[in-house]
Amino acid sequence: MGKEQFTIARIFGAYYELYSKDRLYVRAVLKGKLRLKSTEDRHPFVVGDLVTAESGYGEEWIILEKEERSNYLTRRSEHGDNHVLCANLDQVAILASYKDPETKDGFIDRLLVACYHTKIKPLIIFTKSDLVDSSLKKEKEDFYSNLGYDVMSISIEDEKSFPVLWKVLQGKKTFLCGNSGVGKSTLLNQLTKKSVQKVQKTNEVSGSTKKGKHTTTNSLAVFLEEDTVIIDSPGVKEWGILHLSKQELLESFPELSLAKEKCSSPYCCDLGLECNMVRFMETGLLESRKKNLESMFESLDKPHRVTRRDHWSQAITKRY
Ligand SMILES: Nc1nc2c(ncn2[C@@H]2O[C@H](COP(=O)(O)OP(=O)(O)OP(=O)(O)O)[C@@H](O)[C@H]2O)c(=O)[nH]1
Ligand SMILES: [Mg+2]
């Protein structure tokens, strides 16, 4: 049997769902030696990886090797290694809901920083625009578009918002990410409803906290016409940026990278008094953006910050 090229569409424990234009979706497992390797490396294969496979017994395929990734999106929190979420992307759609739950600006800024360093283009999509008035929508959209980002607002209630969005997604591989409950799976279902290949489960947000219920547990890539790929992912609570340095954080803020261009030294200093980025951060950066940046600095300085929840679990562990 010959070898064929596929893209990983979904991973269920030891099983992989692969996609190719000719075969559509097939089920696969890793070849023995890759299985051994995968126990050493926590994320050897992710959705979006391009792989070569050959057909095995019955309908199952066997993954033989993986192509080098052109890029990948990663995050790193205090507890672990780099968590690779997806590979070979054209853009990351940051889904931020206006309300129920309200996505914090700090979360959006962290994701923008992560995208900057992977060199994957970010796109900010504000969701649930039916729940807020147009002045708030304009304020939020203008804020990020003035910083140079592509921004749009959508609502599942408003059919008109989808043709505009489709134009931006067409022909591209887009990773949808954001907090739980912002509407990632709802959007995927809306975009794929004509082809009805895959339907993702969605769930109402909690009645009391208005937070999502972490309904999606595995990323899923859906392949649509004209090489358009949409990848749904599980909701993320915090986006760890511990794989980045302070200098990288500063540079990824467009306001500050402009300041860097005016620095007297062509090379970066130790971010001391001579640093134009630090000077601008202190005197020229908008207060809310400065607060978000400082919170990221704090995460780097105190990666093992004890949260209230950790405190309780430590107290409970001590009792036993
Ligand atoms: N009012 C309103 N509700 C929406 C909109 N989009 C999604 N929702 C609702 O928001 C809730 C959560 O949507 P999901 O699509 O499950 O959210 P998710 O981002 O996939 O959440 P996780 O899988 O937990 O990460 C559902 O009840 C949706 O019907 C919208 O544009 N307007
Ligand atoms: Mg979901």
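Residues numbered from 1 in each chain as written. Chains lettered and ligands numbered in written order. Predicted model: local features only at pLDDT ≥ 70, side-chain atom pairs only at ≥ 80, totals over all residues. Heavy atoms only, no water.

The chain appears in an unreviewed UniProt entry as Small ribosomal subunit biogenesis GTPase RsgA from Leptospira ilyithenensis. As its UniProt record puts it under Subcellular location (unreviewed entry), the chain is described as follows: "Cytoplasm". Within the UniProt record for the chain, the comment given under Subunit (unreviewed entry) is "Monomer. Associates with 30S ribosomal subunit, binds 16S rRNA." (UniProt positions renumbered as here; feature names shortened; annotations may be inferred.)

Caption draft 1: Spatial organisation of the nonpolar core. If you look at the biggest cluster of nonpolar residues, it comprises 62 residues, and the most contacted ones within it are Tyr 16, Leu 18, Ile 63, Tyr 144, Trp 239, Leu 249 and Leu 293. At seven residues, helix H2 (residues 105–118) tops the list of elements feeding residues into this core. What Ile 63 contacts, discounting residues up to four positions off in sequence, is Tyr 16, Leu 18, Ala 28, Val 29, Leu 30, Lys 31, Leu 34, Phe 45, Val 51, Thr 52 and Ala 53. If you look at the next biggest cluster of nonpolar residues, it comprises 19 residues, including Ala 93, Leu 95, Leu 123 and Val 222. (Core = buried A, V, L, I, M, F, W, Y, C linked by side-chain atoms within 4.5 Å. Buried < 20%, exposed > 50% of the residue type's maximum accessible area, 1.4 Å probe, protein only. Helix = DSSP H or I, 4+ residues; strand = E, 2+ residues; numbered from the N terminus. Contact = heavy atoms within 4.5 Å.)

Caption draft 2: Looking closely at the site of ligand 1. Of all residues adjacent to ligand 1, which total 21 residues, the nearest are Ile 156, Ser 180, Lys 184, Thr 186 and Thr 216. Between ligand 1 and Asn 203, the relevant distance is 3.2 Å, taken from an oxygen atom to a main-chain nitrogen or oxygen of the residue. Note that an oxygen atom of ligand 1 is positioned 2.9 Å from one of the backbone N or O atoms of Gly 235. Contact with the protein chains removes 87% of the 660 Å² of surface that ligand 1 exposes when unbound. (Near = heavy atom within 4 Å. Polar contact = N/O pair within 3.5 Å; in protein donor to acceptor, adjacent residues only side chain to side chain. Areas by Shrake-Rupley, 256 points an atom, 1.4 Å probe, with all protein chains shown as cover.)

Caption draft 3: Looking closely at the packing of H2 against helix H9 (residues 287–301). Two numbers describe how H2 lies on H9: the axes approach to 10 Å, and their chain directions differ by 65°. For the element pair H2 / H9, the angle class is roughly perpendicular. Helix-helix and strand crossings are classified by hand; for H2 and H9 the assignment is right-handed. Only Arg 289, Asn 292, Ser 295, Met 296 and Ser 299 of H9 make contact with H2, whose side of the interface consists of Asp 105, Gly 106, Asp 109, Arg 110 and Val 113. Among the residues forming the contact of H2 with H9, the class breakdown is two nonpolar, four polar and four charged. (Axes fitted to C-alpha atoms, helices over the stretch in contact; angles between N-to-C directions. Parallel < 35°, antiparallel > 145°, perpendicular 65-115°, else oblique. Left-handed = near helix turned anticlockwise from the far one by under 90°. Nonpolar A, V, L, I, M, F, W, Y, C, P; charged D, E, K, R; others polar.)

Caption draft 4: Highlighting the sheet that holds strand S4 (residues 50–55). Spatial ordering of the closed barrel is given by S1-S2-S3-S5-S4, a layout of five strands whose pairing is mixed. Sheet twist, expressed as the mean angle between neighbouring strand axes with direction ignored, is 55°. Bridge analysis of S4 against strand S5 (residues 61–66) gives five bridges, and the strand direction is antiparallel. The residue of S5 that forms the bridge with Ala 53 is Ile 63. (Pairing = 2+ DSSP bridges.)

Caption draft 5: Representation of the pairing of strand S8 (residues 91–97) within the structure. Here S8 lies mainly inside the structure; seven of its seven residues are buried. Residues Gln 91, Ala 93, Leu 95 and Ser 97 line one face of S8 and the alternating positions Val 92, Ile 94 and Ala 96 line the opposite face, and both faces are buried. Here S8 runs beside strand S9 (residues 121–127); their pairing, made up of seven bridges, is parallel. Bridge pairing in S9 places Val 92 opposite Pro 122. What joins S8 to S9 is H2, and the crossover it makes is right-handed. Of the pairings in the sheet, the one linking S8 to strand S11 (residues 173–177) comprises four bridges and is parallel in character. Across the sheet, Gln 91 pairs through a bridge with Thr 174, a residue of S11. (Right-handed = clockwise from strand over helix to strand, strands pointing away.)

Caption draft 6: Quick look at the packing of aromatic side chains. Across all of its chains, the model carries eight aromatic pairs by this definition. Summarising the aromatic geometry, the rings of Phe 126 and Tyr 144 are spaced 6.3 Å apart at their centres and angled 45° between planes, so their arrangement reads as tilted. One end of the pair, Phe 126, is in strand S9; the other, Tyr 144, is in helix H3 (residues 134–146), and 18 residues separate them in sequence. In this pair, the class of Phe 126 matches that of Tyr 144, namely buried. Seen from their ring centres, Phe 143 and Tyr 144 are 5.0 Å apart, and the 90° between their planes marks the pair as edge-to-face. The exposure class of Tyr 144 is buried, given its relative accessible area of 1%. By way of ring pairs, the aromatic residues Tyr 98, Phe 126, Phe 143 and Tyr 144 are connected into one cluster. (Phe/Tyr/Trp six-rings, centres within 6.5 Å; stacked < 30°, edge-to-face > 60°.)

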